Amino acid sequence: AAAAAAAAAAGPVPDPGSSVLIERSAAVVWVCVPPQRVDAVAMYGASLLTIPPGVDGKASLEEVKRRVAGADGPAPNSAEANVPYLRSDHFLVRFLIARQWNVDKACVMLKDHYRWLADSKMTALLQDSFPEEEVIKRYYPQAYHGLDKKGRPVYIERPGAIDMRRLLQGTTSERLIEYVSASCETQIRRRLPGASLTRGEVVDKSLNIVDLDGLGFQMVTHNTARRVLKEVVAVFQNHYPECAGRTIIINAPRVFSIAWSFVKPMLDEKTVAKISIFGADKVAYSEALLELVDADQLPALFGGKCLCDGQDKLSCMRSAKGPWADPEVQHILDTVPLEQIMTPEGCRALHEKLQRDSKGKNGEAESSQEVPAPSEGVEEASVLEGSLAKEVAEKESEEAAVDAPTVVADEDGDGEEARDIAVGLPEMPSSSRGNRGIPSAELQRAEMEATLLNEEYRQHEEVHMSTLTEWVNEFNTLTIEIGRLIIERAQGYYDSRSLWQQAVQEYAQKRDELDQTILRLGESVKDLSKAETAFSAPSPDSPGWLSDEAWAVLAPLPEESASCEEEVVAPMRKLAEGDPRLLRTLRLSALGDVVASLQWRRDMGKVELEAKSRELDESRRRFEQEDESHTACNWNCSVKRAAPFYEKRRMHETKVDAQLSVLHSLERRLQQARSAVAALEIKEGLHKGTPTVLTRSRSRQSDEMSLQSFEIKGGEPAQDEFRDEFMSCCGSDVGEDRSP
């Protein structure tokens, strides 16, 4: 009755054959479209809910199409003008949504995007083989790996494993930006269409996993890294809007606060609302990821079952797993226009064709099957009308639940309760034991230990956050005193010096390890020679004879070593009982195995030492090259002027890394304590289920964090940060004071 009253208030339904209207009022959405436009409505049913009340979405889209066909579109005869998809409904609506369906703002954004594609020579970049890709992937690990449960490509990035100093020795920041930009465009033109063909419906977003394991102070305070990060965020925000689905950040250390405080002001609210963040509890974040990704698609590194090479957990970061790597899918992407694939009818028909081909039922289907046009009449429009009405009803239901927990819903319809958990690792939730019994003394002790560890963690975390805040303030002060551009100019010198010092230490460490191995090998060879002489001695009176006790000391059997598995050595022990000769044979064989193992370690150590030697020579050469470029500098040299900044940074890095080490140790102990409590509660019948399930639930509640707790006041980028108007080391900067 309410729906009928609302419909009457909205007025008569327009004639579907004569006019087109997609208009959202406060309560009602009429969807009436002619057959040739049904695809756009079907594709954007949920997106239409983003249209502000009273805005004619269809008219807005048509106006944008008209304007991008003219002055606001790609330059005539340009490479971009020859890509029809760049002016398709699917493409344009993303920019309309990004600008809240404001036609003028969307057209400005589109015009800038077309200009950016031309200026960045995107067509050439897509053909670029990027010879430095091996270096980029080695020091900046990232990959697209499979699909999530909604058919979205899974993008994995590991900022914690980035080595910015070595990365910039193998490429430049400009090439790195080009590489990321080309990857984004490939996502639009290949991966998302490939996922759509596999799914049978339009897929236009990705699931992003960001692994911060290993993230340290050196990375989050690297000036060139800040520049690259700012430009990458600008590329995502300005040129690829509405392409990100969920983002799950895992293994987040508190030092991430410096990076997050810098990035967040550059993100829009919708993007931030799609981000969830977890600490280092693998049980917790694995559960969250497995809710979104099937285990066979999720790398074992993050709690899934996928090992692309069957052994190495990092192999998934080097593989090409996804429908876009399928030759049949690639053939369709190469032969069927993108603007036809990225429609509901197009990807559905092509998906069905792929299924028929995979089953060997080619029939009369042609390899160049034409995408069928939508069916005639208003029957499909009425179906869409009902579907969209259902979506609006669901939207109204959400809006009515004003007292319910906050819900963050992305464009794909994900509904996740927004958890705003306190800073760090909160206390374990109290058990709802009811009348099931009184906890034992053992359980009470376990709970007390977990509580005390939690409090100790909180105290250390507060000190750690205070140190990070202190650095942010000092960074801002030093930047004002020295000059941002001066600090960035000197980055290369201090990076190369740091890498050389690190290479010296690593070479010395590897040299010591090899020397120790050679020393042990020499001793083992002598022992083996002594054992062989004793084994050949026929009687106790013979030279070299050893007693059983001396044999045990000289050549202990594997079962006499704590590292040996009992099931492996038990048969050996039983076999040798009562046979001294056989026992000595086993001891001699074991000693020979030790010698062979040490010989292998020596040979591998020599190979590794040679590699470290080459790395040392290269790092020294690069530092000498940087140093030489500054030898003729005057008092205005950026290296000399920036020295206080980098010395302060080094001191803070030592302090922060020591604090992180303590926090990581406490975190592991706290996770073990919580697991022990969960196991005891199950054992004593205070909770139903299994220890694994209860531990996972507790970990999820305890380890999911609030992004707000990672914000540091003053950590946002400055308005003039990373200007381009700088010259040589001792040159003059625009607007910068050069007085002594």
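Each remark here, short or long, concerns the structure printed above.
This text gives an overview of the structure that appears in the document. Everything numeric here is computed off the predicted structure, so don't read it as measured data. (Residues numbered from 1 in each chain as written. Predicted model: local features only at pLDDT ≥ 70, side-chain atom pairs only at ≥ 80, totals over all residues. Heavy atoms only, no water.)

**Topic: the nonpolar core**
Thinking step 1. Among the nonpolar cores identified, the biggest contains 110 residues, and Tyr240 and Phe256 are the most heavily contacted of them.
Thinking step 2. Among the elements that make up this core, the one with the highest residue count is helix H9 (residues 173–199) (10 residues).
Thinking step 3. Apart from residues lying up to four places away in sequence, Tyr240 is in contact with Arg94, Trp116, Leu117, Met122, Ser181, Cys184, Glu185, Ile188 and Val235.
Thinking step 4. Of all hydrophobic cores here, the second largest spans 18 residues; its members include Phe278, Leu292, Leu301 and Phe302. (Core = buried A, V, L, I, M, F, W, Y, C linked by side-chain atoms within 4.5 Å. Buried < 20%, exposed > 50% of the residue type's maximum accessible area, 1.4 Å probe, protein only. Helix = DSSP H or I, 4+ residues; strand = E, 2+ residues; numbered from the N terminus. Contact = heavy atoms within 4.5 Å.)

**Some points on helix H17 (residues 344–358)**
Thinking step 1. For H17, which comprises 15 residues, the first-to-last C-alpha distance of 21 Å matches the rise-based estimate of 21 Å (1.5 Å per residue) to within 8%.
Thinking step 2. What H17 keeps buried is the set Pro344, Glu345, Gly346, Cys347, Ala349, Leu350, His351, Lys353 and Leu354. (Expected span 1.5 Å × (residues − 1).)

**Quick word on the packing of aromatic side chains**
Thinking step 1. Counted according to the given criterion, the structure contains 16 aromatic pairs.
Thinking step 2. Taking 5.6 Å as the distance between ring centres and 65° as the angle between the ring planes, the aromatic pair formed by Phe256 and Phe710 counts as edge-to-face. In this pair, Phe256 is assigned in helix H12 (residues 256–263) and Phe710 in the segment after strand S10 (704–705), connecting sequence segments 454 residues apart. Comparing Phe256 with Phe710 shows no difference in burial state: the two are buried.
Thinking step 3. Judged by centre distance (5.0 Å) and plane angle (85°), the ring pair of Phe645 and Tyr646 falls under edge-to-face. There is no split in this pair, since Phe645 and Tyr646 are both buried.
Thinking step 4. Here the aromatic cluster, defined as three or more aromatic residues joined through ring pairs, consists of Phe217, Trp471, Phe475, Tyr493, Tyr494, Trp500, Phe623, Phe645 and Tyr646. (Phe/Tyr/Trp six-rings, centres within 6.5 Å; stacked < 30°, edge-to-face > 60°.)

**So, the pairing of strand S5 (residues 206–211)**
Thinking step 1. Most of S5 sits out of view: 6 of its 6 residues are buried.
Thinking step 2. Burial of the side chains of S5 extends over both faces: Ser206, Asn208 and Val210 are buried on one face and Leu207, Ile209 and Asp211 on the other.
Thinking step 3. Pairing of strand S4 (residues 153–157) with S5, which is carried by 4 bridges, proceeds in the parallel orientation. Its bridge partner being in S5, Val154 is matched across the sheet by Leu207. (Pairing = 2+ DSSP bridges.)

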